[in-house]
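# Residue-level structure breakdown
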Amino acid sequence: MKITFGQMRAMGVGGVLVYCHCGHHVALDADCWVDEVRLSDIEPQFVCQGCGSRGADVRPDFDRGNPKLAIIGAKDATH
Ligand SMILES: [Zn+2]
């Protein structure tokens, strides 16, 4: 699944998880990438701080996005 940041934000997800094959990973805000950029486009830009290898696996951070949706849902429920 290769999606753009715009599509990801449309799903309510505002962050990405960047995984290295060594197991090192980092959570980043997606604010600095424009809607037209695909997640796969930025994968070669990462150099792992754990093992130093270039290239990573970038995935939508659904775990961080879901609580935001839950909060929005809770607000709507109080109307
Ligand atoms: Zn690594």
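Structure shown above.
Read on for a plain summary of the structure. Remember, it's a predicted structure, so these values are computed and weren't measured experimentally. (Residues numbered from 1 in each chain as written. Predicted model: local features only at pLDDT ≥ 70, side-chain atom pairs only at ≥ 80, totals over all residues. Heavy atoms only, no water.)

### Examining the pairing of strand β2 (residues 25-29)
A regular strand places its side chains on the two faces of the sheet in alternate fashion. In this sheet, β2 lies alongside strand β1 (residues 15-19) in antiparallel orientation, the contact comprising 5 bridges. Bridge assignment links Y19 to a residue of β2, and that residue is H25. Where β1 folds back onto β2 in an antiparallel hairpin, the turn is made up of 5 residues, including G23, whose phi is positive at roughly 105 degrees. (Pairing = 2+ DSSP bridges. Helix = DSSP H or I, 4+ residues; strand = E, 2+ residues; numbered from the N terminus.)

### A short note on the coordination of the zinc ion
For the zinc ion, the protein coordination sphere consists of C20 (SG), C22 (SG), C48 (SG) and C51 (SG), at 2.3 Å. Taken together, the 4 donor atoms coordinating the zinc ion and their angles of 103 to 116 degrees define a geometry best described as tetrahedral. Sequence spacing among the residues donating to the zinc ion works out to C-x1-C-x25-C-x2-C. Taken together, the positions of C22 in the loop between β1 and β2 and C48 in the loop between α2 (39-42) and β3 (57-60) put the pair 26 residues apart, joining distant regions of the chain. (Donors = N, O, S within 2.8 Å, 3.2 Å for Na, K, Ca; no water. Tetrahedral: all angles 85-135°; square planar, octahedral: opposite > 155°, others 65-115°.)

### What to know about the sheet that holds β1
Pairing in this open sheet of 3 strands is antiparallel, and the strands run β2-β1-β3 from one edge to the other. Two strands close off the open sheet at either side, each with one partner strand: β2 and β3. Taken over all neighbouring pairs, the strand axes of this sheet differ in orientation by 25 degrees on average, direction set aside. (Axes fitted to C-alpha atoms, helices over the stretch in contact; angles between N-to-C directions.)

### Re the packing of aromatic side chains
For the structure shown, the criterion picks out 2 aromatic pairs. Ring plane angle 15 degrees and centroid distance 5.1 Å describe the contact between F5 and W33, whose orientation is recorded as stacked. In this pair, F5 is assigned in helix α1 (residues 5-10) and W33 in the loop between β2 and α2, connecting sequence segments 28 residues apart. Taking the relative accessible area as the measure of exposure, W33 reaches 16% and is therefore buried. Here the aromatic residues F5, W33 and F46 are joined through ring pairs into a cluster of three or more. One Lys or Arg, R59, reaches over the ring of Y19 and ends 4.3 Å from the middle of that ring. (Phe/Tyr/Trp six-rings, centres within 6.5 Å; stacked < 30°, edge-to-face > 60°. Buried < 20%, exposed > 50% of the residue type's maximum accessible area, 1.4 Å probe, protein only. Lys NZ or Arg CZ within 6 Å of the ring centre and 35° of its normal.)

### Section: the pairing of β1
Burial analysis of β1 places 4 of its 5 residues in the buried class, the great majority of the element. Looking at chain direction, β1 and β3 are connected through 4 bridges and run antiparallel. When the sheet's bridge partners are listed, V18 is paired in β3 with V58.

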